[in-house]
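Listed below, chain by chain, are the residues.
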Amino acid sequence: MNNQNYLQSLSCKLYHYLSENVVGSENVVRYRRYFYKCFDESLNYGETKLISSGSKPEGLDLAGSDLDLMLLLDIIVDEQIENLKEKQLFFLDTENASPGFALIKEGNECDLRYTKGLDYSHAIIGHGFFLTNECMKEAPYQQCSRLMSFLKRNRSGLKFPEMFSIQGPSVSMSLFGCMEMDYVPCCLSRSWPTVAKKWLHRHRSHEWPSAELITMAIYEGVLLVPVGSKSDSKEENRLEWRLSFSLAEKLLVHSFNHCQLLCYALLKIFLREIINNENIFNKELCSYYMKTILFWILEEVDHSYWTKENLLRCFRLCIQRLHYFVWSFYIPNYFIPEHNMIEGRFSEHVQKQLEVYISKLLKGDIWKVLLSSMSLSDLRHNMCCISKPLHVISELEKTLMTTNIPYMAQFRFTAKKSLNFFIYRIQNEYFPTALKNIYTLALIELCKYKAISIKIRSVNSLHNSNKHYYSQYKQCLFHLLLNLNSDAVSGWLLLGTFFFSCQEYRKMTEVINLSEELLSRELYDLPFFDYTPTLKRIDSKALTNCRSFLKNLRHTFIKSYAFDKISDEEDSFIFDKDLILSFAALVCCGSPAVYLRYLTFLKLYKQNQIEKMMSSFLLLKEAFEKTIPQSHVLYGANCMNLINAQLLIGDEDYRTTARKYVLNLQSFGVTGM
């Protein structure tokens, strides 16, 4: 076999491997994007505007893929005075800023209602006041710090690691090392800045991006992120704001064919697992550079060349361009080429080493080096099968099982959304079925959080209080019944928890018996916190043969719930004193099998059925020992359930369970008890 045929054969094999085991098929990628479309719409309420950005919303969910949540501030800037309305009193100035950055100048007739608390600095430039980037960096961090103080105050027995840290212009949140997200405050410029207008009209030999795509990018606008350029002294310019084209970039990536997207994934794998493994480079190159290089190559290479047979050739073109950019010490921003993105990023010594390193890779066997990455290990050892089995999990269900959507409880204000908001989209005749199903899942999640946001704890003897209680009771029950469609078991367990809190033990018994029957089936775990199975971990055998996706969901999937008490005012049924430990403001149901036994134990304890209660306690311990949850968070929750039961019956062995719990948490930096 000659080299050309070998390369084409390897490209095809790599294409199929990435599609089935790493990135996902075209449909899986599309469904991920649907998730984040729904996610963005679910989070936006009133003046709160959040837009997801980064690799995940673009359709890539690789290990280490980032998720940026762009927090839009209630400030809109514009270069054109006639476009500004009463509330939009800020002007975009790119003439007096470094390439790729801008100044935000206060209007002449500033309305204090909209500028209260903003930090201004008087500048000789233009004889006016300019909005500094410092106050915008501090605001989200202060909000996160207040939340962290509340969590620490209500978990006095534990010493928690810092969940929030400032990373440049963003606030990074990490919950026990998982669910990492960056909150980036920014302003929106609806008008396309003059400094970037060359991008709109420059000659493109292969007509990518298309005129239609460019028009859509203009409509999306540009974001202004609170970070300035740095001088030779490394001091940041506090008056400058970096121009971010992330909204346009998302559109461009969504226009990729599957080969182009897989090439993008290979570039990210190559950077993270090959180049960044060389400590001498100090991880100075970032994935954004790789995306920029791919954009430049796509303008220059005909669309028809991007096929699965040419995947590795296209990848090599990108690495050759990376080598050229590093050699010239200049990576031009795709939208503003005058902006050298690596200026001042690293020393000339590191630049020379990097240039030599990439040059050697290109002269040698770069394919062998690429295949040495962890992400491609199965392909390297010929352990993968690229032919599709006859009976497989549907691609929407694969997406559901492998997409780690951020923990919605952190965005409790989504409960302010109306049911009609989602019903309208579910009934939209122009939406594809998969997108409607995803909006349906969001509606079910909304019902869950609406249920736990209702304050309902006990019946008072006064008539008016009873009337209020039953009104809240019906509302809560209505939302819980809709939530039964969320999966096979967990919705029922939540309903059982509700009946326990309302002291309706007969109804609770019926729900528990049904849940036990359902748990006897073989069910698939859905992602929870720190455990998200990859595509190659998914069992290929067929699920229950249901025509309806939601019916299949009810029959074959199982999930675990967690509820965090964000404020002292929260007083729903889920925060019953018997369901929450004294040192934690957290209710985490844990593994459904363990939580089912715990609910059964609590019911018998309340009914003072001592003999049955002790038998139930032994079953709880047995379930705890047998259940090996994939997630460390779930293991901790199982411990909490067992500890609660041990404390209620006076079992001194709770100390042993507590020690196991603490040892487990120590791996996440949580100590003490």
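Predicted, not measured: the structure shown is a model, and the values here were computed from it. (Residues numbered from 1 in each chain as written. Predicted model: local features only at pLDDT ≥ 70, side-chain atom pairs only at ≥ 80, totals over all residues. Heavy atoms only, no water.)

Brief notes about the overall build of the chain
When you go through the chain residue by residue, the secondary structure sums to 24 helices and 15 strands. Considering only contacts in the chain between residues 6 or more positions apart, those separated by 24 or more positions represent 70%. Accessible surface for the chain amounts to roughly 31300 Å². Of this, 52% is attributable to carbon and sulfur atoms. (Helix = DSSP H or I, 4+ residues; strand = E, 2+ residues; numbered from the N terminus. Contact = heavy atoms within 4.5 Å. Areas by Shrake-Rupley, 256 points an atom, 1.4 Å probe, with all protein chains shown as cover.)

Observations concerning the pairing of strand β2 (residues 68-78)
Within a regular beta strand, the side chains point alternately toward one face of the sheet and then the other, so they alternate between its two faces. Here five bridges tie strand β1 (residues 49-53) to β2, and the two strands are oriented antiparallel to one another. If you follow isoleucine 51 over to β2, its bridge partner there is methionine 70. Strand direction decides the pairing type here: β2 and strand β3 (residues 90-93), joined by two bridges, are parallel. Paired with valine 77 across the strands is phenylalanine 90, a residue of β3. (Pairing = 2+ DSSP bridges.)

Looking at helix α6 (residues 211-220)
Three or more residues of α6 are buried, namely Leu213, Ile214 and Ala217. Each buried residue of α6 lies within a common arc of 100 degrees when the element is viewed along its axis, so the set occupies one face. In α6, the exposed residues that point more than 90 degrees away from the buried face are Ala211, Glu212, Thr215 and Tyr219. Lining the buried residues of α6 we find α5 (197-201) and α7 (246-254). Taken from the residues just after α6, glycine 221 is the one with a positive phi, measuring 85 degrees. (Buried < 20%, exposed > 50% of the residue type's maximum accessible area, 1.4 Å probe, protein only. Arc of directions from axis to C-beta.)

A closer look at the packing of aromatic side chains
Counting across every chain of the model gives 33 aromatic pairs. Considering the side-chain rings of tryptophan 208 and phenylalanine 295, the 6.1 Å spacing of their centres and the 35 degrees angle between planes classify their relative orientation as tilted. Placement of tryptophan 208 in the loop between α5 and α6 and of phenylalanine 295 in helix α9 (residues 287-300) is noted, with a sequence separation of 87 residues between them. For the pair tryptophan 208 and phenylalanine 295, a shared accessibility class is recorded, and that class is buried. With a centroid separation of 5.6 Å and 80 degrees between ring planes, the pair formed by phenylalanine 270 and phenylalanine 315 is classed as edge-to-face. (Phe/Tyr/Trp six-rings, centres within 6.5 Å; stacked < 30°, edge-to-face > 60°.)

Some thoughts on the side chain of asparagine 428
By the secondary structure assignment, asparagine 428 is in the loop between α15 (419-426) and α16 (433-452). Here the side chain of asparagine 428 touches tyrosine 430 through a polar contact of 2.8 Å, landing on its backbone nitrogen. (Polar contact = N/O pair within 3.5 Å; in protein donor to acceptor, adjacent residues only side chain to side chain.)

Observations regarding the nonpolar core
Considering soluble globular proteins, one finds that nonpolar side chains tend to be buried as a cluster. Of all hydrophobic cores here, the largest spans 90 residues; its most connected members are Trp192 and Phe315. Looking at which element gives the most residues to this core, the answer is helix α8 (residues 258-273), with 11 residues. Excluding anything up to four places from it in sequence, tryptophan 192 contacts Glu79, Lys197, Trp199, Leu200, Ala217, Ile218, Gly221, Val222, Phe245, Ala248 and Phe335. Counting 55 residues, the second-largest nonpolar core is a separate cluster that includes Cys476, Met508, Leu596 and Met640. (Core = buried A, V, L, I, M, F, W, Y, C linked by side-chain atoms within 4.5 Å.)

Focus on the side chain of aspartate 78
Tracing the backbone shows aspartate 78 in strand β2. A polar side-chain atom of aspartate 78 sits 3.1 Å from a polar atom in the side chain of serine 191.

Looking at the packing of helix α1 (residues 3-22) against helix α10 (residues 311-328)
Two numbers describe how α1 lies on α10: the axes approach to 7 Å, and their chain directions differ by 90 degrees. Our classification of the angle between α1 and α10 gives roughly perpendicular. Along the contact surface, α1 presents Gln4, Leu7, Gln8, Leu10, Ser11, Leu14, Tyr15 and Leu18, while α10 presents Leu311, Leu312 and Arg313. (Axes fitted to C-alpha atoms, helices over the stretch in contact; angles between N-to-C directions. Parallel < 35°, antiparallel > 145°, perpendicular 65-115°, else oblique.)

Quick notes on the pairing of strand β11 (residues 240-244)
When you tally the buried positions in β11, you get four out of five residues, the bulk of the element. Looking at chain direction, strand β4 (residues 101-106) and β11 are connected through three bridges and run antiparallel. When the bridges of β11 are listed, alanine 102 appears paired with tryptophan 241.

A few points about the pattern of salt bridges
A full pass over the atoms with the stated rule returns 17 salt bridges. The partner of glutamate 338 in a salt bridge is lysine 198, with the nearest N and O atoms 3.6 Å apart. Here glutamate 338, found in the loop between α10 and α11 (348-363), pairs with lysine 198, found in helix α5; they are 140 residues apart in sequence, far enough to count as distant. Here the salt bridges do not stand alone but share partners, grouping Glu58, Glu249 and Lys291 into one network. (Salt bridge = Lys/Arg side-chain N within 4 Å of Asp/Glu carboxyl O.)

Remarks on unusual backbone geometry
Each neighbour pair has its own omega, and for tryptophan 208 with proline 209 the value is 0 degrees, a cis peptide bond. Structurally, proline 209 is set in the loop between α5 and α6. Here phenylalanine 329, not a glycine, exhibits a phi torsion of approximately 55 degrees, which is positive. Exposure remark for phenylalanine 329: the relative accessible area of 25% places this residue in the partly exposed category. Phi at asparagine 608 takes a positive value of approximately 60 degrees, unusual for a residue other than glycine. Mapped onto the elements, asparagine 608 comes out in the loop between α21 (592-606) and α22 (610-626). By relative accessible area, which is 56% here, asparagine 608 ends up exposed.

Details of α16
Over its 20 residues, α16 runs 29 Å from end to end, which matches the ideal 28 Å to within 8%, given 1.5 Å per residue. Counted residue by residue, α16 has 18 buried out of 20 residues, so it is predominantly covered. (Expected span 1.5 Å × (residues − 1).)

Quick word on the packing of α10 against α11
Viewed as axis vectors pointing N to C, α10 and α11 meet at an angle of 155 degrees, and their least axial separation amounts to 9 Å. Between α10 and α11, the interaxial angle falls into the category roughly antiparallel. Relative to α11, α10 is oriented so that their crossing is left-handed. Contacts between α10 and α11 involve Arg316, Ile319, Gln320, Leu322, His323, Val326 and Trp327 from the first element and Gln351, Leu354, Glu355, Ile358, Ser359 and Leu362 from the second. Classifying every residue of the contact of α10 with α11 gives seven nonpolar, four polar and two charged. (Left-handed = near helix turned anticlockwise from the far one by under 90°. Nonpolar A, V, L, I, M, F, W, Y, C, P; charged D, E, K, R; others polar.)

What to know about the confidence of the model for the chain
Residues of the chain with pLDDT of at least 70 account for 76%, and the chain-wide mean is 80. Across residues 110-117, where pLDDT falls below 50, the model places 10 contacts with residues more than four positions away in sequence or in other chains. Predicted confidence is poor over residues 150-161, with pLDDT under 50, and the contacts of this stretch with residues over four places away or in other chains come to 39 contacts. (pLDDT = per-residue confidence, 0-100.)

A word on the environment of leucine 92
On the secondary structure map, leucine 92 appears in strand β3. Once the C-alpha coordinates of leucine 92 and valine 77 are considered, the two residues, 15 residues apart in sequence, prove to be 5.8 Å apart. Setting aside anything within four residues of it in sequence, one finds leucine 92 in contact with Val77, Asp78, Glu79, Ala102, Leu103, Ser189, Pro193 and Leu224.

Re the state of the cysteines
Under the defined criterion, the tally for this structure stands at zero disulfides. Here cysteine 12 stays unpaired: no disulfide links it, and the sulfur of cysteine 259, its closest cysteine neighbor, is 9.8 Å away. (Disulfide = S-S within 2.5 Å.)

Observations concerning the environment of methionine 290
Examined against the element boundaries, methionine 290 turns out to sit in helix α9. On the basis of relative accessibility, which here comes to 2%, the residue methionine 290 falls in the buried class. Once the C-alpha coordinates of methionine 290 and lysine 268 are considered, the two residues, 22 residues apart in sequence, prove to be 7.0 Å apart. Sequence-distant contacts of methionine 290, that is, excluding residues within four places in its chain, are made with Leu267, Phe270, Leu271 and Leu322.

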